[in-house]
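The chain contents come next:
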Amino acid sequence: MWPFAAAQLRVFFCLLYPANIISLWWAVGSPLVMDPNSICRKAKRLAGRQAELCQTQPEIVSEVAKGARLGIRECQHQFRFRKWNCTTHKKYFSKILQQDIRETAFVSAVTSAGVLYTVSQACSMGELLQCGCERTLNRVPLPRSPTPGTEATAWEWGGCGDDVEFGYAKSKQFMDAERKQGQNDIKSLINLHNNEAGRLIIKNYMRTVCKCHGLSGSCAVKTCWKKMPHFREVGDRLLDRFNGAFKVMGGNDGKTLIPVGHNIKQPDKQDLIYSAESPDFCLPNRRTGSPGTRGRVCNGTALDVSGCDLLCCGRGHREETVSFQENCQCRFHWCCVVQCRQCAVRKELSICM
Ligand SMILES: *[C@@H]1O[C@H](CO)[C@@H](O)[C@H](O)[C@H]1NC(C)=O
Ligand SMILES: *[C@@H]1O[C@H](CO)[C@@H](O)[C@H](O)[C@H]1NC(C)=O
């Protein structure tokens, strides 16, 4: 049984050929271009070894694609004020993915995390047959040891926890390319490490959510379950790892990675790693995947990366007044209409030269 319309079906077929989504992006240019016609033409040329993945789990493939897009949207949020803003413009994005720079590391991690996230969430929402809420029935209730003078609160696992193990396994299956031999070995080691880092930034930061039951709001009995962190938090943590990313190089055996430079500390499993320095992203350069910062909106008063000095790379900026229409003076009329006027709004923007 195939529960999908023909157009969707073709998108799925496009996605199923390569062992990993990222390698499809290399072939296609952008994960956001989900236009079946253009993707499929190109994807057809790729080998069909993983074809059965999609035939047997089409609904997972759909979640995988959603997860990759969630990751990219988060990337664009985190980098919105930076020289490289995670643009998926096809002239530049595929070049970023082909390198081994910090930005590549962030994209790998955030998309693997996105895939884990959407798959696990689909499980909790009951949208997939293969999985559901985390099974916690085997866990015994844990009564709190009563402190003198206070009441003991009974506490048990229940509710609908996120089955992060299932999402983890699917993210691994779809995102981790098979190890290539030869000169690409280091690149794929780095890629696998960063994919895993992204997944662990969810798996290791599960939060416990509880609900009270009891007479008149008393918390005599509590039910608790595990939820994934909000995806924004995942992005924030990955940005921290991006800022503290470790440079590595390949060991002689071609199977290990060695930290480069003065870092005494070895990267841990949640750290992002890279092997090549990023370009400065100031000027357009198709070879390095840099669109340049000309035309970007900067902040005239900020002293950080979003400030005009840094973002415009010292080329200066111009002020521009933009006007647009906005809803204003909204009134609520009984019942139930909200009427607004359209007001012209003018805003001063600083634009990089
Ligand atoms: C990123 O910067 C480019 C210009 O370099 C701009 O066209 C684009 O709208 C920006 N934002 C995103 C999300 O790509
Ligand atoms: C510009 O930067 C200042 C100082 O960091 C900040 O207070 C302000 O909100 C920023 N403006 C915009 C439009 O982001």
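Residue indices follow the written sequence of each chain, beginning from 1 at its first position. Numbering of ligands from 1 and lettering of chains from A proceed in the order in which they are written. Confidence filtering applies because this is a predicted model: local features only for residues at pLDDT of at least 70, side-chain atom pairs given and counted only at 80 or more, and all residues used for totals across whole chains, interfaces and linings. Hydrogens and water are ignored here; the side-chain numbers use all heavy atoms of the structure.

The name given to the protein chain in an unreviewed UniProt entry is Protein Wnt, with the source organism recorded as Chiloscyllium punctatum. Among the UniProt annotations of the protein chain, the heading Function (unreviewed entry) holds the following wording: "Ligand for members of the frizzled family of seven transmembrane receptors." UniProt positions are given in the numbering used here, feature names are shortened, and annotations may be inferred rather than shown by experiment.

(A) The arrangement of the site of ligand 2 in detail. Working definition: residue near molecule or strand if any one of its non-hydrogen atoms lies within 4 Å of it. Contacts to ligand 2 come from Asn299, Thr301 and Ala302. Any pair of nitrogen or oxygen atoms within 3.5 Å is treated as a polar contact; in protein, a donor-acceptor pairing is required on top of that, and neighbouring residues in sequence qualify only through side-chain atoms on both sides. Contact between ligand 2 and Asn299: an oxygen atom at 2.4 Å from a side-chain N or O atom of the residue. The protein chains shown are the only cover counted for residues, whose accessible areas, like all others here, come from Shrake-Rupley with a 1.4 Å probe. Protein contacts shield 28% of the accessible area of ligand 2, which totals 360 Å² for the unbound molecule.

(B) Focus on the sheet that holds strand β6 (residues 273-274). Any two strands with at least two DSSP bridges between them are considered paired. Put simply, DSSP marks the helices as runs of H or I at least four residues long and the strands as runs of E at least two long, and each gets a number from the N terminus on. Pairing is mixed in the open sheet, where three strands are placed in the order β5-β4-β6. Of all strands in the sheet, those with a lone pairing partner are β5 (257-259) and β6, marking the two edges. Where strand β4 (residues 246-250) and β5 come together, three bridges link them in antiparallel fashion. Bridge pairing links Val248 to Pro259 in β5.

(C) Expanded view of the confidence of the model for the protein chain. The pLDDT score gives, residue by residue, the confidence of the prediction method on a 0 to 100 scale. Scored by pLDDT, the protein chain comes out at a mean of 80, with 76% of its residues at no less than 70. When pLDDT is averaged over each helix and strand of the protein chain, the minimum, 38, is found for helix α1 (residues 6-16) and the maximum, 98, for helix α10 (residues 231-243). Any two residues having at least one pair of non-hydrogen atoms within 4.5 Å are treated as being in contact. Here residues 1-21 is modelled with pLDDT under 50, and outside its nearest four sequence neighbours on either side it reaches 55 contacts, counting other chains as well. Note on residues 179-183: pLDDT is under 50 here. Beyond four places in sequence and across chains, it has seven contacts.

(D) Representation of the pairing of strand β10 (residues 317-333) within the structure. Where β10 lies against strand β11 (residues 337-352), 15 bridges are found, and the strand directions are antiparallel. By the bridge assignment, Ser323 is partnered in β11 with Arg346. A loop of three residues connects β10 with β11, the two strands running antiparallel in sequence.

(E) Just the pattern of salt bridges, in detail. Here a salt bridge means any side-chain nitrogen of Lys or Arg lying within 4 Å of a carboxyl oxygen belonging to Asp or Glu. Inspection of the entire model under this criterion finds 14 salt bridges. Ionic pairing is found between Glu196 and Lys172, a salt bridge with its closest N-O pair at 3.8 Å. Taken together, the residues Glu196 in helix α9 (residues 185-203) and Lys172 in helix α8 (residues 164-175) connect sequence positions 24 residues apart. Relative accessible area serves as the criterion here: at 37%, Lys172 is assigned to the partly exposed category. Accessible area is worked out with a 1.4 Å probe on protein chains only. A residue is then buried under 20% of its type maximum, exposed over 50%, and partly exposed in between. Relative accessible area serves as the criterion here: at 17%, Glu196 is assigned to the buried category. When salt bridges with common partners are traced through the structure, they connect Lys172, Asp176, Glu196 and Arg199 into a single cluster.

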